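A look at the structure
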Amino acid sequence: LFGVIHLMLFEKSQEGEPAKDCASSLGSYEQFDLGEAEQHGRKVEGEEASIKQRFVSRVSFRHVQVVAQRVLQIVWAQRLESLSFFVIYYVLGIGTSLVEGLVFLFFTQDLGASNFLCGVTVVVTVVFEIPIFNHSDWILKHINVHFLVVIAAVSYIVRVVCYTLFSNPWFVLFVEPLHGVTYACAQLAGVHYAAELAPKGLETSTQGLKDTIRGLGHITGTVLGGIIMDVWGSVLMYRAAAALVTVTVSMYVMIHGCGRKTRQAT
């Protein structure tokens, strides 16, 4: 999160000029360095503290203002289309956290899986990501990025619903490859669509914001998922996650119309 804020403050603006940060309106940072202040007059501690306090308060307000403007500029770059992209990325972050952070509890406590089986499931998920990333050029050339988002969402829905239907823990190996599909397709679509919608001069900030929103989804999913799992159980948690992703991806399809061909940006 701090990295994204830093990028938004110091990345070049649309006109190609360095963005004015809070220090530009106050002078250089060195002017407020305490060591330099001591060299130029060795001011009393009370005066130094006052300068620092004024500087920090002005810096904080300026930072918040700049970051807020740039977040809105990125999120609303293509209006509802870009907004829906960040929303579904947040929701996929919630869903992914439930199968990355809590799924082993479900496997061992609800299905009675062994630790060995848990390790095998990780191998299976990773193995199926590799060919998708390896053929990413071909995939992006032939498949719309928005359709990739839909594939990622549908793969997630099928996977977690199947979890709730299994009684034999070894059956999970049949649906674990879908995690590779979900992760790889979401990553490919996210990076390329973020590059497409990024305002000029904010390309890096857009990528950072995308990953920050996904990370916030992970935090939300892990916290709420743990509470739901404790109170109502794993089955309800995964079915509720599937329902949430279903509603979100349905809205995404209506907004984007995944049959349309969009420019593929790199």
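On a predicted model such as this, the values are computed, not experimentally measured, just so you know.

Conventions used here
All residue numbers refer to positions counted from 1 along the written sequence of the respective chain. Given that this is a predicted model, residues contribute local features only at a pLDDT of at least 70 and side-chain atom pairs are listed and counted only at 80 or more, while totals for whole chains, interfaces and linings are drawn from all residues. Only hydrogens and water are set aside; all other atoms, that is, all heavy atoms of the structure, feed into the side-chain values. Under the scheme used here, helices are H or I runs from DSSP no shorter than 4 residues and strands are E runs no shorter than 2 residues, and both carry numbers assigned from the N terminus. Summary of the burial criterion: residues with accessible area below 20% of their type's maximum are buried, those above 50% are exposed, and those between are partly exposed, where the area comes from a 1.4 Å probe applied to protein chains only. We call two residues contacting when some pair of their heavy atoms lies within 4.5 Å. Under the convention used here, a 1.4 Å probe and the Shrake-Rupley method define accessible areas, while residue burial counts only the protein chains that appear. Structural elements are reduced to axes, namely lines fitted to C-alpha atoms, with helices fitted over the stretch in contact, and the angle between N-to-C directions of any two is expressed from 0 to 180 degrees. An angle counts as roughly parallel when it lies under 35 degrees, as roughly antiparallel when it exceeds 145, as roughly perpendicular when it falls between 65 and 115, and as oblique in every other case. The crossing is said to be left-handed when, going from far helix to near helix, the turn is anticlockwise and less than a right angle, and right-handed when the turn is clockwise. Residues were grouped as follows: Ala, Val, Leu, Ile, Met, Phe, Trp, Tyr, Cys and Pro as nonpolar; Asp, Glu, Lys and Arg as charged; and all remaining residues, including Gly, as polar. Polar contacts, as used here, are pairs of N or O atoms within 3.5 Å; protein pairs need one atom able to donate a hydrogen and one able to accept it. Residues neighboring in sequence count only if both atoms are side-chain atoms. Just to be clear on terms, a salt bridge is a Lys or Arg side-chain nitrogen sitting within 4 Å of an Asp or Glu carboxyl oxygen. Any helix carries an expected span of 1.5 Å times its number of residues minus one. Distance thresholds for patches are 9 Å for like charges and 5 Å for nonpolar side chains (Val, Leu, Ile, Met, Phe, Trp, Tyr), applied to residues having over 30% relative accessible area and no salt bridge. Every residue is assigned a pLDDT by the predictor, reflecting its confidence on a scale from 0 to 100.

What follows deals with the overall build of the protein. The number of helices and strands found in the protein is eleven helices and zero strands. Along the protein, from the amino end to the carboxyl end, the secondary structure elements read α-α-α-α-α-α-α-α-α-α-α. Residue burial in the protein is summarised as follows: out of 266 residues, 44% are buried. The contacts in the protein between residues at least 6 apart in sequence include a share of 80% that link residues at least 24 apart. A total accessible area of about 14100 Å² is found for the protein, and carbon and sulfur atoms account for 65% of it.

Within the element layout of this structure, Lys210 appears in helix H10 (residues 203-231). On the basis of relative accessible area, Lys210 is assigned to the buried category, the value being 1%. Apart from residues lying up to four places away in sequence, Lys210 is in contact with Phe85, Phe86, Tyr89, Gly190, Val191 and Ala194.

With that settled, the discussion passes to the packing of helix H9 (residues 177-197) against H10. Where H9 meets H10, the axes come as close as 9 Å, and the angle between the chain directions of the two elements is 140°. If you check the angle between H9 and H10, you find them oblique. Crossing of H9 over H10 shows right-handed handedness. On the side of H9, the interface is formed by Tyr183, Gln187, Gly190, Val191, Ala194, Ala195 and Leu197, while H10 contributes Thr206, Gln207, Lys210 and Arg214. Of the residues contributing to the contact of H9 with H10, the split by class is five nonpolar, four polar and two charged.

You can see Arg159 is positioned in helix H8 (residues 145-163). Taking the relative accessible area as the measure of exposure, Arg159 reaches 2% and is therefore buried. Residues Arg159 and His179, 20 residues apart in the sequence, show an inter-C-alpha distance of 7.6 Å. There is a polar contact of 3.1 Å between the side chain of Arg159 and the side chain of Glu176.

Before going further, it helps to examine the pattern of salt bridges. Summed over all chains, the structure comprises two salt bridges. A salt bridge links Arg159 to Glu176; the shortest N-O distance between them is 3.1 Å. In this pair, Arg159 is assigned in helix H8 and Glu176 in the loop between H8 and H9, connecting sequence segments 17 residues apart. Accessibility classification places Arg159 together with Glu176 in one group, the buried group. Measuring nitrogen to oxygen at the nearest pair gives 2.7 Å for the salt bridge that ties Asp211 to Lys210.

What follows concerns H8. Relative to the 27 Å expected for 19 residues at 1.5 Å per residue, H8 spans 27 Å between its end C-alpha atoms, a close match to the ideal helical length. Looking at where H8 begins, the residue whose side-chain oxygen comes 2.7 Å from the main-chain nitrogen of His146 is Asn144.

Turning our eyes to something else, we now look at a nonpolar patch on the surface. The grouping of Leu216, Ile219, Val223, Leu224, Ile227, Val231, Trp232 and Leu236 at the surface amounts to a nonpolar patch, some 800 Å² of accessible area in total. With six residues, the top contributor of residues to the nonpolar patch is H10. In this fold, Val223 is placed in helix H10. Note on Val223: relative accessible area 49%, which makes it partly exposed.

To continue, consider the side chain of Glu176. Residue classification places Glu176 among the buried positions, given a relative accessible area of 2%. Of the polar contacts made by the side chain of Glu176, one reaches the side chain of Tyr163; its length is 2.2 Å. Apart from residues no more than four positions distant in its own chain, Glu176 is found in contact with Phe107, Thr121, Val124, Thr125, Arg159 and Tyr163.

You will see that Arg79, though not glycine, has its phi angle at about 55°, which is positive. Note that Arg79 resides in the loop between helix H3 (45-75) and helix H4 (80-100). The exposure class of Arg79 is exposed, given its relative accessible area of 54%.

The predicted model of the protein has a mean per-residue pLDDT of 81, with 73% of residues at 70 or higher. Low pLDDT, under 50, characterises residues 13-34; the predicted model gives this stretch 39 contacts beyond four residues in sequence or across chains.

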